[in-house]
Amino acid sequence: MSRFFRNHDVPQRRLFLKGLATLPLGFSAGALHAAQHDRHLGFRHTHTDERLQLAFRNRHGYIEPALQRMNWLLRDFRTGESTRMDPRLYDILHALRLACGGETFEIISGYRSPVTNTLLRKTGGGGVAKRSLHMDGKAIDIRLVGVDTARLRDAALALGAGGVGFYPDSDFLHIDTGPVRSWGPKSA
């Protein structure tokens, strides 16, 4: 028995094990091992062709200068405005990269200013929410180079970590840190 639990501490041990089972994003054992090391992401913004590869988190937590660089990359490219993106998005992307392979996420949309969101609602082909989580820095539209977008969708749904919207005609996936929900075609 470990030095932390004695035989008569079974209820505390069960609580501890229950706590381990609720670790973020339902990572597999392999993903948990990887989470102990630096977490890396690679990006290419499809509208600006800007590229970024960096470690955004280490065993001490999020790396603030890396978060700032990603916030800038994910700015509203139409207006130049940026916001602090929810770092949990990056954890989800990292988990997806581990689950699917691939190296570089193509960014379709990150932060959207209210002006841009209104413009897209008026001129777009639909699918733009009036109160989009993009405006709160809690959503990103992506592809993962070398990974079928339907497979990426299935991996995102398996994480159960937020919203997942699948847009097969435009070949991208919406990921957000809002409530768990999904929309778009489901897997066969």
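Presented here is an overview of the structure given in this document. Note that the structure is a prediction, hence the values are computed from the model and not measured.

1. Topic: the sheet that holds strand S4 (residues 104–109)
Across the sheet, which stays open at both edges, the eight strands sit in the order S3-S2-S1-S4-S5-S7-S6-S8 with mixed pairing between neighbours. Strands with a single pairing partner mark the edges of an open sheet, and in this sheet they are strand S3 (61–62) and strand S8 (181–183). Across two bridges, strand S2 (residues 51–58) lies against S3 in antiparallel orientation. Bridging from a neighbouring strand, arginine 57 pairs with tyrosine 62 of S3. Across the face of the sheet, helix H4 (residues 87–100) comes into contact with strand S1 (39–45), S2, S3, S4, strand S5 (139–144) and strand S7 (172–176) while running at roughly 95 degrees to S1.

2. Examining unusual backbone geometry
Unusually for a residue other than glycine, aspartate 49 sits at a positive phi of about 60 degrees. Mapped onto the elements of the fold, aspartate 49 is located in the loop between S1 and S2. For aspartate 171, which is not a glycine, the phi torsion comes out positive at approximately 55 degrees.

3. Focus on the environment of serine 132
Among the structural elements, serine 132 can be located in the loop between helix H5 (114–123) and S5. Along the backbone, serine 132 and serine 113 are 19 residues apart, and their C-alpha atoms lie at a distance of 9.9 Å. Here the side chain of serine 132 touches histidine 134 through a polar contact of 3.0 Å, landing on its backbone nitrogen.

4. A closer look at the nonpolar core
Of all hydrophobic cores here, the largest spans 33 residues; its most connected members are Phe43, Tyr90, Leu93, Leu96 and Ile175. At seven residues, the largest contribution of residues to this core is made by H4. Among all residues touching phenylalanine 43, those that are not within four sequence positions of it are Glu50, Arg51, Leu52, Met70, Leu73, Tyr90, Leu93, Thr104, Phe105 and Ile107.

5. Quick look at the packing of H4 against helix H6 (residues 149–159)
At a minimum axis separation of 10 Å, H4 and H6 run at an interaxial angle of 120 degrees. Between H4 and H6, the interaxial angle falls into the category oblique. Relative to H6, H4 is oriented so that their crossing is right-handed. Contacts between H4 and H6 involve Ile92, Ala95, Leu96, Ala99 and Cys100 from the former and Arg151, Leu152, Ala155, Ala156 and Leu159 from the latter.

6. Describing the side chain of aspartate 86
Mapping aspartate 86 onto the fold places it in the loop between helix H3 (64–73) and H4. Side chain to side chain, aspartate 86 and arginine 88 meet in a polar contact 2.6 Å long.

7. Some thoughts on the pairing of S7
Buried residues dominate S7, accounting for five of its five residues. Burial along S7 is two-sided: Phe172, His174 and Asp176 and Leu173 and Ile175, pointing in opposite directions, are all buried. Where S5 meets S7, four bridges bridge the pair, whose relative direction is antiparallel. What sits directly across from isoleucine 142, in S7, is leucine 173. In terms of strand pairing, strand S6 (residues 163–167) meets S7 through four bridges, oriented antiparallel. Within S7, the residue paired with tyrosine 167 across the bridge is phenylalanine 172. From the end of S6 to the start of S7, which pair antiparallel, there are four residues, and aspartate 171 there has a positive phi angle of about 55 degrees.

Thresholds applied
Residues numbered from 1 in each chain as written. Predicted model: local features only at pLDDT ≥ 70, side-chain atom pairs only at ≥ 80, totals over all residues. Heavy atoms only, no water. Pairing = 2+ DSSP bridges. Helix = DSSP H or I, 4+ residues; strand = E, 2+ residues; numbered from the N terminus. Contact = heavy atoms within 4.5 Å. Axes fitted to C-alpha atoms, helices over the stretch in contact; angles between N-to-C directions. Polar contact = N/O pair within 3.5 Å; in protein donor to acceptor, adjacent residues only side chain to side chain. Core = buried A, V, L, I, M, F, W, Y, C linked by side-chain atoms within 4.5 Å. Buried < 20%, exposed > 50% of the residue type's maximum accessible area, 1.4 Å probe, protein only. Parallel < 35°, antiparallel > 145°, perpendicular 65-115°, else oblique. Left-handed = near helix turned anticlockwise from the far one by under 90°.

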